[in-house]
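A look at the structure
For reference, the chains in residue letters:
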Amino acid sequence: MSEVTEVRGVTHRTPLEKNRKANAVSLIAKEAPRLGVGPSRQMTRSVTVWPVAGLAHLSCEHLGATIGTVVHGLDMANTTGEEIAFLRRLLTERKVIFFRDQNCSEDEHIAFGARFGELEIHPFNPMHPDHDEIIPIYSGKSAVGAANLWHSDVMWRMEPSLGSILRARLVPAVGGDTLFADMAAAYRGLTDDMRAKIDGLMGINSGSANGSKEKARQRLEERGASAEELAEFDATYANIPIPIHPVVRTHPDSGERAIYVNAGFTRRIVGLSDDESDELLQHLYAQAAVPEYQCRFSWESGSVAFWDNRAAQHYASSDYWPERRRMERVTIAGDLPYFRHDDGQVTHTYPAGPSDAADAVSHG
Ligand SMILES: O=C(O)CCC(=O)C(=O)O
Ligand SMILES: [Fe+2]
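The numbers attached to residues start from 1 for each chain and follow its sequence in the written order. Think of it this way: whatever chain is written first is A, whatever ligand is written first is 1, and the rest follow in order. Totals for whole chains, interfaces and linings use all residues, but because this is a predicted model, local features are given only for residues with pLDDT of at least 70 and pairs of side-chain atoms are given and counted only at 80 or more.

**Describing the overall build of the chain**
Each helix corresponds to a stretch of at least 4 residues labelled H or I by DSSP, and each strand to a stretch of at least 2 residues labelled E; elements are numbered beginning at the N terminus. Along the chain, the regular secondary structure elements total ten helices and 19 strands. Comment: burial labels come from other C-beta atoms within 10 Å of the residue's own C-beta, placed from the backbone, where a count of 20 or more is buried, 12 or fewer is exposed, and between is partly exposed. Evaluated residue by residue, the chain yields a buried proportion of 37% over its 364 residues.

**As for the confidence of the model for the chain**
The predictor attaches a confidence to each residue, called pLDDT, with possible values from 0 through 100. Per-residue confidence for the chain gives a mean pLDDT of 85; residues scoring 70 or more make up 83%. Below pLDDT 50 for its whole length, residues 1-18 participates in 24 contacts with residues either more than four positions away or in separate chains. Distance between backbone-placed C-beta atoms decides contact: two residues are in contact if it is within 7 Å. A low-confidence stretch, residues 20-47 stays under pLDDT 50, and its non-local contacts, those more than four residues away or across chains, total 33 contacts.

**Quick notes on the site of ligand 1**
Any residue whose C-beta atom, as placed from the backbone, lies within 6 Å of a molecule or strand is termed near it. Around ligand 1, the neighbouring residues are Ile137, Ala147, Asp153, Ser164, Leu166, Thr178, His314, Ala316, Met327 and Arg329. Mapped onto the shell around ligand 1, the elements with two or more residues apiece are β6 (163-170), β15 (312-316) and β16 (325-332). Any residue outside Ala, Val, Leu, Ile, Met, Phe, Trp, Tyr, Cys, Pro, Asp, Glu, Lys and Arg is labelled polar, Gly included; the first ten of those are nonpolar and the last four are charged. A class-by-class count of the residues in the shell around ligand 1 yields five nonpolar, three polar and two charged.

**A word on the sheet that holds strand β9 (residues 243-246)**
Ordered in space as β12-β8-β9-β19, the four strands form an open sheet in which the pairing is antiparallel. This sheet does not close on itself; its edge strands, each paired only once, are β12 (266-269) and β19 (350-351). Here a strand pair is declared whenever DSSP counts at least two bridges between the two strands. Where β9 lies against β19, two bridges are found, and the strand directions are antiparallel. Its bridge partner lying in β19, Pro243 is registered against Pro351.

**Quick word on the sheet that holds strand β7 (residues 178-182)**
Read from one edge to the other, the open sheet built from three strands follows the order β13-β7-β15, with strand pairing classed as antiparallel. Only two strands of the sheet have a single partner each, and these edge strands are β13 (294-297) and β15. With strand direction ignored, the average angle separating the axes of adjacent strands in the sheet is 20°. Both β7 and β13 contribute to a ladder of four bridges, which runs antiparallel. Within the sheet, the bridge partner assigned to Phe180 lies in β13 and is Cys295. Comment: axis = line fitted to C-alpha atoms, over the contacting stretch for helices; angle = value between 0 and 180 degrees taken between N-to-C directions.

**Topic: the environment of Ala316**
Tracing the backbone shows Ala316 in strand β15. A count of 21 C-beta atoms within 10 Å places Ala316 in the buried class. As for Ala316 and Ala147, which are separated by 169 residues in sequence, their C-alpha atoms are 5.2 Å apart. Not counting chain neighbours up to four residues away, the residues in contact with Ala316 comprise Gly145, Ala147, Asn148 and Thr178.

**Side note on the packing of helix α7 (residues 212-222) against helix α8 (residues 227-237)**
Where α7 contacts α8, the two axes come as close as 10 Å, and the packing angle between them is 165°. Relative to α8, α7 is oriented roughly antiparallel. Where α7 crosses over α8, the two elements pack in a sense that is right-handed. Contact residues: α7 offers Lys213, Arg217, Leu220 and Glu221, while α8 offers Glu229, Leu230, Phe233 and Tyr237. By residue class, the composition of the contact of α7 with α8 is four nonpolar, no polar and four charged. Our angle categories are set so that under 35 degrees counts as roughly parallel, over 145 as roughly antiparallel, 65 to 115 as roughly perpendicular, and the remainder as oblique. Crossings are assigned a handedness: left-handed for a near helix turned anticlockwise from the far helix by less than a right angle, right-handed for a clockwise turn.

**Some thoughts on the pairing of β15**
Counted residue by residue, β15 has five buried out of five residues, so it is predominantly covered. Of the two faces of β15, the one carrying Ala312, His314 and Ala316 and the one carrying Gln313 and Tyr315 are both buried. In terms of strand pairing, β7 meets β15 through five bridges, oriented antiparallel. Residue Ala181 lies in a different strand from β15, and its bridge partner there is Gln313.

**Observations concerning the nonpolar core**
Ranked by internal contacts, the top residues of the largest apolar core, which has 65 residues, are Val96, Phe98, Ala181, Met183 and Ile259. If one sorts the elements of this core by residue count, helix α5 (residues 183-189) sits on top with five residues. Only buried Ala, Val, Leu, Ile, Met, Phe, Trp, Tyr and Cys residues enter a nonpolar core, and they are joined through C-beta atoms within 7 Å.

**A short note on the pairing of strand β2 (residues 55-62)**
Bridge count for β2 against strand β3 (residues 69-72) is four bridges, and the pairing is antiparallel. Residue Ser59 lies in a different strand from β3, and its bridge partner there is His72. Two successive antiparallel strands, β2 and β3, enclose a turn made up of six residues, where Gly68 displays a positive phi of approximately 95°.

**Looking at the environment of Tyr350**
Here Tyr350 lies in strand β19. Classification of Tyr350 as partly exposed rests on a count of 16 C-beta atoms within 10 Å. Along the primary structure Tyr350 and Met158 are separated by 192 residues, whereas in three dimensions their C-alpha atoms are 7.4 Å apart.

**A closer look at the environment of Pro252**
Among the secondary structure elements, Pro252 is positioned in the loop between β10 (248-250) and β11 (257-259). Sequence separation between Pro252 and Arg310 is 58 residues, and the spatial gap between their C-alpha atoms is 8.8 Å.

**With respect to unusual backbone geometry**
The residue after Trp321, namely Pro322, is reached through a cis peptide bond having omega 5°. The backbone of Asp101 sits at a positive phi, close to 55°, despite the residue not being glycine. Locating Asp101 in the fold gives a position in the loop between β4 (96-99) and α4 (106-114).

Written out as structure tokens, the structure is:
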């Protein structure tokens, strides 16, 4: 990752800024017990926009302290191998990257995603009429934006997606921003005791895809699907396993640890009493909402956000009703999550057995 860090360019600091930095750090330290937040990173000021070493046509601009970087000068429809390698490293380091003015076709959006891995086709979400790989996320008068809760995508899968590439086609005049939280910074901000407590714990995640399976079946019925088609749907999706994911996930590329539970999917922590599990989950869910770990992106038509589901959570602000907002998402398939213990042992995600599954259902 150092390669990316190195291209940040010169750090200009006047004596006043040095004092400001010291004051900011000491303020955070003083406030930390009250907020429950530790300084997760030494604050530094870097130049606002810097050129990328070896890729002089690109320049970068950070949005948040540890998360979110806008890459200027990229054309998603025409990328080189060097650009893709750079974006992959930048994504791992900054958790979400952004591009502006990408007026490419749906096919080009899909082709760009495919350069990062196999693409996922969501079995339950309504699909784009012409492209199975694109999930349309359209809101307006009769469809209120529904992604306004902190989550990372498709954690109901045993292998949740690596990343999502969302492009704005139509945006409201005001509002409709998306917020992102760096869950590795959030992990580093926990107390030592809390980190020791959650390292190696496992969480039961919702197996129902938040009701979207039922909605997909209903859509099939409304479209007049035959009894055979409905039976095939039931047979395919009746027994999808309920995943038990690590509460702290080790990133496969960087080795960084990140909090890997969220309000959207995680229902229960294995091996704790109901009360202990609820209390711990509430505390961990709440970390995504801490501004120090976040960046916030304001969309324009043609803007793109590409986030790493393994280390970031996101929240789409639903503050523009009844205006319309039309987004399209391409999703890259991921691999089996794991936690690497201090002694090097690895615990992977596993499917819930019958009693864990009952717990997940009773916790909704
Ligand atoms: O609409 C957005 O900004 C994000 C929606 C969302 O949660 C997603 O695309 O995964
Ligand atoms: Fe999402």
